Amino acid sequence: MRIVVAKPGLDGHDRGAKVVARALRDAGHEVIYTGLRRTPAQIVATVRDEDARFLGLSSLSGAHGHLFPTICQLLKDEGLDDVVVFGGGIIPDADRPALHDAGMRAIFGPGTSTEAISAFVAEASARDDAGVGAEGGWIWEA
Amino acid sequence: MDAGALAARFEAARAGSRRDLARLLTDVEDGRISSTELLGTQRAEGRSIAITGPPGVGKSCFIDHLLRAHAERDDPVALLAVDPSSALSGGALLGDRIRLTSPDDEALAQRIYVRSVATRRSSGSIPSVLGDLVRVLHGCGWPLVVIETVGAGQSEVRCAAVADRIVLMEGPARGDAVQAEKAGLLELADLVLVNKADLDGAERHAAELRDSLALDGPDPPEVLLMSAQTGLGLPEALRSLRTLEARPGSERARARERLANAAEARLVRHEDYEGILARIANGNLAPEEAVEVIWRGG
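Computed from a predicted model, the values in this text were never measured in an experiment. (Residues numbered from 1 in each chain as written. Chains lettered and ligands numbered in written order. Predicted model: local features only at pLDDT ≥ 70, side-chain atom pairs only at ≥ 80, totals over all residues.)

1. Re the overall build of chain A
Right, so step 1: In terms of regular secondary structure, chain A is built from five helices and five strands.
Right, so step 2: Along its sequence from the N terminus, chain A presents helices and strands in the succession β-α-β-α-β-α-β-α-β-α.
Right, so step 3: For 142 residues, the compact-globule formula gives about 14 Å, and the C-alpha radius of gyration of chain A, at 13 Å, lands near that figure.
Right, so step 4: Principal-axis analysis of the C-alpha atoms gives chain A an extent of 35 × 35 × 30 Å.
Right, so step 5: For chain A, the proportion of its 142 residues judged to be buried stands at 50%. (Helix = DSSP H or I, 4+ residues; strand = E, 2+ residues; numbered from the N terminus. Rg over C-alpha atoms; globule rule 2.2 N^0.38 Å. Buried ≥ 20, exposed ≤ 12 C-beta atoms within 10 Å, placed from the backbone.)

Structure follows, in structure tokens:
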């Protein structure tokens, strides 16, 4: 599976993104890491050009409520409805429903095992309602 | 995927849809379709340049300048950035984009296409896949394709041999020129760039490379000093790339690598490849016999 792992916005903390990228590689995936401080448009262009099936977003700056839905909308605008989007970082429970509504299928907080993320990728790959633009609102439950 | 849908995807990619181009390249990469099936036997118009060299010498940084220079002249340019897959998991971490700033420049983004390519498990077949990707890009309106590959190890050298021209990038204090020679890259190179010329040891290393190349015969490749960081010698390096001719010696070395590529691709794509491996492993078949079987198409 081709997976883009991205750090949107002004947030320099990439330890989490790198750990996830490495774990996904070790699970047999091809992981494209964008590096720090990318704009939503740059991230979506990378997903498009690399033909990634998954996009993992990491944010620890508190800007997830703005950046993540913006990226989801841009993906749909580009016709990339079938890309599966998941997120991680410091994301309060109260903020999650809005992100799920935007089309994100999983939000992983601190303490998540890398196995859980691999299991999510495996299940989402097998479903046809996991894309960012899919109707039905499937959400991954650990 | 049926022929109609594929034709539509190809048409869309030619008309400029990046999404369709990206998906078409995945079809080729995953072996669902070959460039010949897509384009016929006609040769698509275009050039390809491989930039190769040891890890950390500044290939990505130089390529960023190269992409920018082309895009600024309104010329479309595509980059295939090759990184190794893990032999253990089959996965790969593809991080070449981190050092590229030109594709993020909104004024240039339309004319720059960057694609990360993993060598995957059967590294013997990646060079032929790469050749296919280059032809499909040419066929979709990307006349210049740059291939970035680490110049260490047989399969990476063969990735470089897919390109029409090969540029070897070296850095200062790389030890003696024997290191470059060992990898078999010097004889393939049409141009040698010694990067980080702002640091000590670059000039000495360039001199060693020139000495070593002079021993190889007539028509040695040019050795240029440059610094992708400070811009020293960069305009000359880019200019030299624009008009780069293949050396007669490098043509032959490249042909040899391409022939080996084709042979190896046929080997790893054989329908009973795994079975043949198992029989060799348990002593029921000699490798030489196996080659005979595969060659005869049995």
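2. Comments concerning the sheet that holds strand β3 (residues 54-59) of chain A
Right, so step 1: In spatial order, the strands read β5(A)-β4(A)-β3(A)-β1(A)-β2(A)-β3(B); together these six strands make up an open sheet with parallel pairing. With one partner strand each, in any of the chains shown, β5 (104-108) of chain A together with β3 (92-94) of chain B form the two edges of the open sheet. With strand direction ignored, the average angle separating the axes of adjacent strands in the sheet is 20°.
Right, so step 2: Sheet topology note: the β3 of chain A/strand β4 (residues 84-89) of chain A ladder contains six bridges and is parallel. Pairing of L55 of chain A across the sheet is with V85 of chain A, part of β4 of chain A.
Right, so step 3: Here helix α2 (residues 40-50) of chain A sits on the sheet in contact with β1 (2-6), β2 (30-33) and β3 of chain A, set at roughly 165° to β1 of chain A. (Pairing = 2+ DSSP bridges. Axes fitted to C-alpha atoms, helices over the stretch in contact; angles between N-to-C directions. Contact = placed C-beta atoms within 7 Å.)

3. What to know about the packing of α2 of chain A against helix α2 (residues 18-29) of chain B
Right, so step 1: It is at 7 Å that the axes of α2 of chain A and α2 of chain B come closest, and there the two elements cross at 40°. With respect to their mutual orientation, α2 of chain A and α2 of chain B come out oblique. The segment α2 of chain A lies against α2 of chain B, with R48, D49 and E50 of chain A engaging R18, R19 and A22 of chain B. (Parallel < 35°, antiparallel > 145°, perpendicular 65-115°, else oblique.)

4. Observations concerning the interface of chain A and chain B
Right, so step 1: Across the contact, 24 residues belong to chain A and 23 residues belong to chain B.
Right, so step 2: Those elements that place two or more of their residues in the side of chain A that touches chain B are α1 (15-26), β2 and α2 of chain A.
Right, so step 3: In terms of residue count, α2 of chain A provides more of the side of chain A that touches chain B than any other element does, six residues in total.
Right, so step 4: Here the residues of the side of chain A that touches chain B sort into eight nonpolar, seven polar and nine charged. (Nonpolar A, V, L, I, M, F, W, Y, C, P; charged D, E, K, R; others polar.)

5. Description of the nonpolar core
Right, so step 1: With 117 residues, the main nonpolar core has V31 and V83 of chain A together with L80, L130, I147 and V167 of chain B as its most contacted residues.
Right, so step 2: Considering every element that reaches this core, the biggest residue donor is helix α5 (residues 126-139) of chain B, with seven residues.
Right, so step 3: Once residues within four sequence positions are removed from consideration, I147 of chain B is found in contact with S48, A50, L80, V82, L130, C159, A160, V162 and A163 of chain B. (Core = buried A, V, L, I, M, F, W, Y, C linked by C-beta atoms within 7 Å.)

6. Quick word on the environment of P235 of chain B
Residues and elements named next belong to chain B.
Right, so step 1: Mapping P235 onto the fold places it in helix α9 (residues 234-242).
Right, so step 2: For P235, a count of 12 C-beta atoms within 10 Å translates into the label exposed.
Right, so step 3: For the pair formed by P235 and L25, sequence separation is 210 residues and the distance between their alpha carbons is 32 Å.

7. Examining unusual backbone geometry
Right, so step 1: Of note in the backbone geometry, D51 of chain A takes a positive phi value of approximately 50° without being a glycine.
Right, so step 2: Tracing the backbone shows D51 of chain A in the loop between α2 and β3.
Right, so step 3: According to the C-beta neighbour criterion, D51 of chain A is buried, with 22 such atoms within 10 Å.
Right, so step 4: Despite not being glycine, D219 of chain B shows a phi value in the positive range, around 50°.
Right, so step 5: Tracing the backbone shows D219 of chain B in the loop between α8 (202-216) and β8 (222-225).

8. Examining the environment of R204 of chain B
Residues and elements named next belong to chain B.
Right, so step 1: Inspection of the secondary structure assignment puts R204 in helix α8.
Right, so step 2: Residue classification places R204 among the partly exposed residues on the basis of 13 C-beta atoms within 10 Å.
Right, so step 3: Linking R204 and Q229, residues 25 residues apart in sequence, is a C-alpha distance of 19 Å.

9. Section: the sheet that holds strand β4 (residues 112-118) of chain B
Residues and elements named next belong to chain B.
Right, so step 1: A sheet is described by the order of its strands in space; here seven strands give the open sequence β4-β2-β5-β1-β6-β7-β8, paired in parallel fashion. Two strands close off the open sheet at either side, each with one partner strand: β4 and β8. Ignoring which end each strand starts from, the neighbouring axes of this sheet average 20° apart.
Right, so step 2: Two elements, strand β2 (residues 77-83) and β4, share seven bridges in a ladder whose sense is parallel. Looking across to β4, one finds that D83 is bridged to A118.

10. Quick notes on the confidence of the model for chain B
Residues and elements named next belong to chain B.
Right, so step 1: The share of residues in chain B with pLDDT of 70 or more is 92%, and the mean pLDDT across the chain is 86.
Right, so step 2: The spread of mean pLDDT over the elements of chain B runs between helix α7 (residues 178-182), the lowest at 62, and helix α4 (residues 59-72), the highest at 95.
Right, so step 3: Taken together, the chains of this predicted complex give a pTM of 0.90 and an interface ipTM of 0.91. (pLDDT = per-residue confidence, 0-100.)

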